[in-house]
Amino acid sequence: MGPTASGKTGVAVELVQRLPCEIISVDSALVYRGMDIGTAKPDAATLALAPHHLIDIIDPTQSYSAAQFRADALRLMAEITARGNIPLLTGGTMLYFKALQQGLDDLPQADPAIRAAIDAMATANGWPAMHAELARLDPVTSARLNPADGQRIQRALEVCQITGRPMSELFGQGNAVELPYRVIALALQPGDRAILHERIAQRFDAMLAQGLIEEVEQLRREFALDPAMPSMRCVGYRQAWQYLDGEFSLAELREKGIAATRQLAKRQLTWLRGMESVVSFDCLERNLSAAVFDWLSGEL
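First things first, this report covers the structure right here in the doc. (Residues numbered from 1 in each chain as written. Predicted model: local features only at pLDDT ≥ 70, side-chain atom pairs only at ≥ 80, totals over all residues. Heavy atoms only, no water.)

Here we look at the pattern of salt bridges
Here the structure, examined in full by the defined rule, presents 15 salt bridges. A salt bridge links Arg-75 to Asp-72, with the shortest nitrogen-to-oxygen separation between them at 3.6 Å. Of this pair, Arg-75 and Asp-72 both sit in helix α3 (residues 66–82), three residues apart, roughly one helical turn. The closest approach of N and O atoms between Glu-158 and Arg-155, which form a salt bridge, is 2.7 Å. Placement of the pair is Glu-158 and Arg-155 together in helix α8 (residues 150–163), with a separation of three residues, close to one helical turn. For Glu-158, a relative accessible area of 0% corresponds to the buried category. Ionic contacts of the salt-bridge type, sharing partners, join the residues Asp-36, Lys-41 and Asp-56 into one network. (Salt bridge = Lys/Arg side-chain N within 4 Å of Asp/Glu carboxyl O. Helix = DSSP H or I, 4+ residues; strand = E, 2+ residues; numbered from the N terminus. Buried < 20%, exposed > 50% of the residue type's maximum accessible area, 1.4 Å probe, protein only.)

Next comes the structure, spelled out in structure tokens:
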């Protein structure tokens, strides 16, 4: 596990070369076909060297839930271990890790009509205003959300409307199922947050140079997309969409994209701090892959 730009894929690929592992992607953006540049999806050469499960499994018009991930991951883990290999779950979608290990909370299914109404209010008033409304209904949930995080604000308001109860009251009510595996939880975290921020900026610049804007243009031509879809709410894609719609300049696209990615990394690190029994490595360490392998060699 680890924040964006912490080098998770590189370490995982190295481990596959040294251990009988198969990688299961734990990333809510890598599931989408055609979304390659903005998700930092491993290239063809990397995937040939170390195939990843749960990459390119749905179109950007579709959605993929934590429940679907849990079912898919458990199936794949059983198949991988049956082949005598080790499932190596790699990614930064912390909710998926939580769902896998702790089960799922008993939250209602999405209601398209309620979501459409919330989106209409957000269009009229802005997401910060919707965040303020959530603070009135569910202060615990609102406190952990960014006022611009429309996707999560929408979901929290939707749960409030469907159930009549704050989402925070419903957490922890799911039925956890103990995994029939020995779980070794490893995290790549930055010893110096400023250097991680530099990495994030460099990677976003590289994405722009590689054609992120053109990728979003192609997706808009190929699929019947709208900015409210989960795929287009992914960091980078949301900002590129807004740029293409003329909402701001290229310089602002870069600035907002980097800021949003840093916010994502901050949320990921907050999740990691709340996790128990996690062995951490400094993702900025020069010989990171070797350090992880050496530690694992003493455990396996």
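Here's the deal with the packing of aromatic side chains
Enumeration over the complete set of coordinates arrives at three aromatic pairs. Between Tyr-64 and Tyr-96, the aromatic rings sit 6.3 Å apart at their centres with planes inclined by 70°, giving edge-to-face as the arrangement. With Tyr-64 in the loop between β2 (52–53) and α3 and Tyr-96 in helix α4 (residues 94–102), this residue pair connects regions lying 32 residues apart in the sequence. Residues Tyr-64 and Tyr-96 agree in their burial class; the two are buried. Ring plane angle 80° and centroid distance 6.3 Å describe the contact between Phe-281 and Trp-295, whose orientation is recorded as edge-to-face. With Phe-281 in strand β5 (residues 278–282) and Trp-295 in helix α14 (residues 288–297), this pair connects stretches of sequence that are 14 residues apart. Under the relative-accessibility criterion, Phe-281 is labelled buried at 11%. Classification of Trp-295 as partly exposed rests on a relative accessible area of 28%. Over the face of the ring belonging to Phe-293 we find Arg-18, whose NZ or CZ atom lies 4.7 Å from the ring centre. One Lys or Arg, Arg-220, reaches over the ring of Trp-241 and ends 4.3 Å from the middle of that ring. (Phe/Tyr/Trp six-rings, centres within 6.5 Å; stacked < 30°, edge-to-face > 60°. Lys NZ or Arg CZ within 6 Å of the ring centre and 35° of its normal.)

Things to note about the sheet that holds β2
If you walk across this open sheet you meet the three strands as β2-β1-β3, and the pairing is parallel. Sheet topology places β2 and β3 (86–90) at the edges, where each strand pairs with a single neighbour. As paired strands, strand β1 (residues 21–25) and β2 are joined by two bridges and run parallel to one another. Each residue of the ladder has a partner; that of Ile-23, found in β2, is His-52. With respect to the sheet, α3 is in contact with β1, β2 and β3, its orientation differing from that of β3 by roughly 150°. (Pairing = 2+ DSSP bridges. Contact = heavy atoms within 4.5 Å. Axes fitted to C-alpha atoms, helices over the stretch in contact; angles between N-to-C directions.)

Notes on the nonpolar core
Ranked by size, the top nonpolar core spans 51 residues in total, and within it Phe-69, Leu-89, Leu-212 and Tyr-237 carry the most contacts. Only α3, α4, β4 (185–189), α10 (193–210), α11 (212–222), α12 (237–244) and α13 (250–273) provide two or more residues apiece to this core. (Core = buried A, V, L, I, M, F, W, Y, C linked by side-chain atoms within 4.5 Å.)

Coordinates in, geometry out; function isn't part of it.
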